[in-house]
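So you can see what is in the structure, the chains are spelled out below.
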Amino acid sequence: MIAPLPCTAIAAILFRRYLLTALTSCLFWNTFGLGAAMDSKPNILLFLADDLGIGDIGCYGNDTIRTPNIDRLAREGVKLTQHIAAAPLCTPSRAAFLTGRYPVRSGMASSNGYRALQWNAGSGGLPPNETTFAKLLQQQGYTTGLIGKWHQGVNCESFNDHCHHPLNHGFDYFYGMPFTLLNNCQENKPPELDVALQAKLWLYSQIIALAVLTLTVGKLTGLISIRWKIIACCTLAGGLFFISWYSSYGFVQYWNCILMRNHDITEQPMRLERTASLMLKEAVSFIKRNREGPFLLFVSFLHVHTPLFTTKKFLGKSRHGLYGDNVEEMDWMVGKILDSLDKEGLKNHTFTYFASDHGGHLEAQDGSAQLGGWNGIYKGGKGMGGWEGGIRVPGVLRWPGVLPAGTVIDEPTSLMDIYPTLVHLAGGVLPQDRVIDGRNLVPLLQGRAQKSEHEFLFHYCGSYLHAVRWHQKDSGAIWKAHYVTPVFHPPGAGACYGKGICPCFGEGVTHHDPPLLFDLSRDPSEAKPLSADTEPLFDTVVRKLGRAIEEHRRTLTPVPEQLSVYNAMWKPWLQPCCGTFPFCWCDKEGDSTQSL
């Protein structure tokens with residue numbers, strides 16, 4: 001029989017085991033630069049620009065637009081050179097960012113011409129059954145806030161059910177635009193919403209008015225034999241037709257251009273001259289209120305979407321006109337918010353991220369003035385589902401002491417990756433009842449992994465698959481096949497000038513069989529498509545991509561289309577209104593804006 005160990009011996013063994021475990025843990029955390037920074041959950045600060053091109057900021061090669069604060073983030077952190085948006089347009093791209101899923105999975109991809117939400121009073125939006133990263137972080141004890149643009153819908157069935165609202169998707173606090181900036185939000189700017197349709201409706205209204213006038217004159221002069229009742233009915237029908245469309249399109253500034261604080265409207269319509277100051281004030285205030293942490297602050301800029309409203313302080317200061325002025329103002333706002341982190345002593349305890357929702361808008365012009373961004377060496381831009389210029393965006397991340405400063409990662413990553421990355425940092429668990437397309441970036445960012453976890457990325461235009469990329473990790477090749485491409489206008493122009501944005505289907509696209517194939521590792525500008533004659537692996541690669549598409553499609557399940565024509569329509573009973581509809585106007589901000 002073995003004699004029992006004395007208590008002192010048992011205590012000594014337990015102490016040695018504890019000491020060994022502690023030393024091992026300490027060695028592990030310090031090896032990967034996590035140390036004290038990981039003792040508690042980090043604060044999370046996300047910046048997302050609107051329509052910013054990858055070639056518009058200094059750390060990605062622009063030497064004429066001044067972006068010192070974004071460049072500082074890159075110097076102090078990690079720069080991603082192949083950061084890909086899941087869609088080339090606002091609403092679906094942001095849905096993917098928030099959920100870590102391709103927008104086609106949530107119904108936020110369109111099969112019609114309405115590829116983004118059109119109205120605050122539409123019934124479509126991010127479905128309530130989708131789980132955003134904000135909701136998961138909220139469950140981990142984070143205070144969550146969204147400042148700026150939402151563009152994921154507001155209501156479903158009544159003007160105050162708020163089923164798509166940020167507060168129903170995991171945000172504790174919201175201040176900003178439930179919609180997006182448009183030219184319609186600024187006086188004396190040409191309308192931007194449904195321009196072609198509005199032109200047709202005006203034409204039809206004028207034809208009806210002219211017909212009624214002709215009938216009336218003919219009746220009065222005796223040239224036309226017609227009853228007054230018929231003329232009255234035509235007049236009534238024409239008036240109802242005019243009211244039916246002008247009640248929405250004639251008041252876009254009141255219906256769409258509003259500011260909200262949580263569920264309350266504070267400005268209707270919003271006053272653009274003070275919007276930037278209000279957004280900045282709210283972001284700084286949120287950080288100060290929640291400095292004890294942990295917090296998630298998502299700063300979703302209204303910059304640099306048209307109409308590019310820029311405060312006087314920055315007008316005429318850049319070398320790229322109004323667009324450059326707007327970019328530089330946004331960079332200044334980034335700097336002020338970063339300064340507030342420093343002031344509260346939170347810099348080293350905050351994971352910071354900067355990106356754009358998609359590429360620059362090439363077709364945004366005012367005469368010869370370019371009002372959209374520059375996408376560097378990459379072909380195409382906003383709205384183009386396959387070409388790199390529409391989906392390759394800046395991606396900068398910083399966490400001092402945890403992420404190695406001055407690092408450049410040339411591996412395929414996605415905006416969808418932020419979802420699992422944040423959940424990992426917060427100590428949460430990803431939903432197990434759905435497909436999550438994003439991948440945790442932490443190992444790649446810290447250098448513990450050398451290759452991206454993405455083997456394939458699928459590039460949609462609306463609900464139509466336009467292109468696929470394959471990251472062939474053993475060779476370093478990045479193959480990309482285009483099955484559908486937009487028809488540029490005029491031919492060879494590189495964009496769809498005159499249309500506002502390139503279409504996803506119909507006569508405005510070309511189908512390719514076999515697909516246009518490029519190796520982005522050798523031809524990032526997608527200038528020279530490969531063929532079976534010029535690339536020995538052509539057939540092998542095309543077959544591989546075809547099988548990947550089949551496997552991907554097997555993971556898709558039918559869901560209601562949130563951007564259907566019906567959901568996109570303006571519905572007066574869903575209109576957010578700070579008065580009694582239709583008398584919707586208010587200004588609750590007053591003189592609350594103070595210079596920061």
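Residues numbered from 1 in each chain as written. Predicted model: local features only at pLDDT ≥ 70, side-chain atom pairs only at ≥ 80, totals over all residues. Heavy atoms only, no water.

Draft legend 1. Spotlight on the state of the cysteines. Tallying each qualifying case throughout the model produces six disulfides. Paired by a disulfide, Cys578 and Cys586 hold their sulfur atoms 2.4 Å apart. The chirality of the disulfide connecting Cys578 with Cys586 is left-handed, given an S-S dihedral of about -120°. Among the residues examined, Cys578 registers a relative accessible area of 24% and is labelled partly exposed. If one numbers only the bonded cysteines of the protein chain, in the order they occur, the disulfide pattern is 1-2, 3-4, 5-8, 6-7, 9-11, 10-12. (Disulfide = S-S within 2.5 Å. Buried < 20%, exposed > 50% of the residue type's maximum accessible area, 1.4 Å probe, protein only.)

Draft legend 2. Representation of the sheet that holds strand S6 (residues 264-268) in the model. With mixed pairing, eleven strands are arranged side by side in an open sheet as S12-S2-S11-S8-S1-S7-S3-S4-S5-S6-S17. Of all strands in the sheet, those bounded by a partner on one side alone are strand S12 (407-414) and strand S17 (586-587). Sheet analysis places strand S2 (residues 78-84) next to S12, joined by six bridges and oriented parallel. Residue pairing for S12: Gln82 is matched across the bridge by Pro412. The sheet strands contacting helix H3 (residues 90-99) are strand S1 (43-49), strand S3 (143-149), strand S7 (295-300) and strand S8 (350-356), and the helix crosses S1 at an angle near 165°. Packed on one face of the sheet, helix H9 (residues 275-289) meets S3, strand S4 (173-177), strand S5 (259-261), S6 and S7 and runs near 170° to S4. (Pairing = 2+ DSSP bridges. Helix = DSSP H or I, 4+ residues; strand = E, 2+ residues; numbered from the N terminus. Contact = heavy atoms within 4.5 Å. Axes fitted to C-alpha atoms, helices over the stretch in contact; angles between N-to-C directions.)

Draft legend 3. Quick peek at the UniProt feature "transmembrane region" (unreviewed entry) in the protein chain. In the UniProt entry, the feature "transmembrane region" (unreviewed entry) is given for residues 201-218 and 230-252. Spanning residues 201-218, this segment combines 100% helix with 0% strand, and its end C-alpha atoms are found 26 Å apart. With 91% helix and 0% strand, residues 230-252 has its two end C-alpha atoms placed 34 Å apart. (UniProt positions renumbered as here; feature names shortened; annotations may be inferred.)

Draft legend 4. View of the domain arrangement of the protein chain. Domain annotation for the protein chain reports domain 1 (43-181 + 257-454 + 574-587) and domain 2 (195-249). Spacing between the C-alpha centres of domain 1 and domain 2 amounts to 45 Å. (Domains from an automatic or database assignment.)

Draft legend 5. Fine view of the sheet that holds strand S15 (residues 477-486). Taken together, four strands build an open sheet; the order of strands is S13-S14-S15-S16 and the sheet is antiparallel. Among the strands making up the open sheet, the edge pair consists of strand S13 (456-461) and strand S16 (509-519). Within this sheet the neighbouring strands show an average axis-to-axis angle of 15°, counted without direction. Bridge count for S15 against S16 is seven bridges, and the pairing is antiparallel. In the sheet register, Lys480 faces S16, and the bridge partner there is Phe518. Across the sheet, helix H14 (residues 538-554) is in contact with S13, strand S14 (464-472), S15 and S16; its angle to S14 comes to roughly 120°.

Draft legend 6. Highlighting the packing of aromatic side chains. By the definition in use, this model includes 29 aromatic pairs. Look at Trp202 and Trp245: their rings are 5.2 Å apart centre to centre, the planes differ by 80°, and that puts the pair in the edge-to-face class. With a gap of 43 residues between them, Trp202 in helix H6 (residues 195-221) and Trp245 in helix H7 (residues 228-249) connect regions that are remote in the sequence. Relative accessible area serves as the criterion here: at 38%, Trp202 is assigned to the partly exposed category. (Phe/Tyr/Trp six-rings, centres within 6.5 Å; stacked < 30°, edge-to-face > 60°.)

Draft legend 7. Structural context of the environment of Phe301. Looking at the element boundaries, Phe301 is found in the loop between S7 and helix H10 (321-343). According to the relative accessible area criterion, Phe301 is buried, its value standing at 2%. Spatially, the C-alpha atoms of Phe301 and Ala481 are 32 Å apart, while their sequence positions differ by 180 residues. Filtering out sequence-adjacent residues up to four positions away, Phe301 remains in contact with Phe47, Leu48, Ala49, Asp50, Arg94, Lys149, Met330, Met333 and Val334.

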